[in-house]
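Survey of secondary and tertiary structure
Each chain, letter by letter, is given below.
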Amino acid sequence: ANHRPAGGTFERPEILPWIPSLAAETEYPITTFQPTYYCASSLKDATSKMKEFCDTEINRPFHVTYQALTDSVLVDRNVKLEKNQ
């Protein structure tokens, strides 16, 4: 059978390797299905690349750790939310 993918067209999305920095910079249309998907070789690969991206590419003046025992998040210093200007 000739089935159409989600979105109702026969166009197929582009599938690229999972590179978090590239995915973060990719713009997506809000009125259609996304034209690009990122695929990792495994969950371990995806997790490793995402952790590396967060540790090296995201500039933040604090560190956050998930505490599984208490199901909470530990922040290493006081963080204040600032309103956008």
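This section reports on the structure supplied with the text. (Residues numbered from 1 in each chain as written. Predicted model: local features only at pLDDT ≥ 70, side-chain atom pairs only at ≥ 80, totals over all residues. Heavy atoms only, no water.)

**A short note on the overall build of the protein chain**
Within the protein chain one finds two helices and four strands. Ordered by position in the sequence, the α and β elements of the protein chain form the string β-α-β-α-β-β. Counting every position in the protein chain, which comprises 85 residues, the buried fraction comes to 11%. (Helix = DSSP H or I, 4+ residues; strand = E, 2+ residues; numbered from the N terminus. Buried < 20%, exposed > 50% of the residue type's maximum accessible area, 1.4 Å probe, protein only.)

**Things to note about unusual backbone geometry**
Unusually for a residue other than glycine, Asp71 sits at a positive phi of about 50 degrees. For Asp71, the position within the fold is in the loop between strand E3 (64–67) and strand E4 (72–75).

**Describing the pattern of salt bridges**
Two side chains that carry opposite charge are able to pair once their charged atoms sit near each other. Summed over the entire model, instances satisfying the criterion amount to two salt bridges. A salt bridge links Asp45 to Lys49; the shortest N-O distance between them is 3.5 Å. One end of the pair, Asp45, and the other, Lys49, are both in helix H2 (residues 43–56), four residues apart, so they sit about a helical turn from each other. (Salt bridge = Lys/Arg side-chain N within 4 Å of Asp/Glu carboxyl O.)

**Topic: the packing of aromatic side chains**
Taken as a whole and judged by the stated rule, the model has one aromatic pair. Taken together, a centroid distance of 6.4 Å and an interplanar angle of 65 degrees make the contact between Trp18 and Tyr38 edge-to-face. One end of the pair, Trp18, is in the loop between strand E1 (14–17) and helix H1 (20–25); the other, Tyr38, is in strand E2 (residues 36–39), with 20 residues separating them in the sequence. For Trp18, a relative accessible area of 18% translates into the label buried. The class of Tyr38 is buried, set by a relative accessible area of 18%. (Phe/Tyr/Trp six-rings, centres within 6.5 Å; stacked < 30°, edge-to-face > 60°.)

**Quick word on a nonpolar patch on the surface**
On the surface, Val64, Tyr66, Val73, Val75 and Val79 cluster together into a nonpolar patch covering about 430 Å² of accessible area. Contributing elements (two or more residues each) for the nonpolar patch: E3 and E4. Relative to the assigned elements, Val73 resides in strand E4. (Patch = residues over 30% accessible without salt bridge, like charges linked within 9 Å, V, L, I, M, F, W, Y side chains within 5 Å. Areas by Shrake-Rupley, 256 points an atom, 1.4 Å probe, with all protein chains shown as cover.)

On their own, these measurements won't tell you what the molecule is for.
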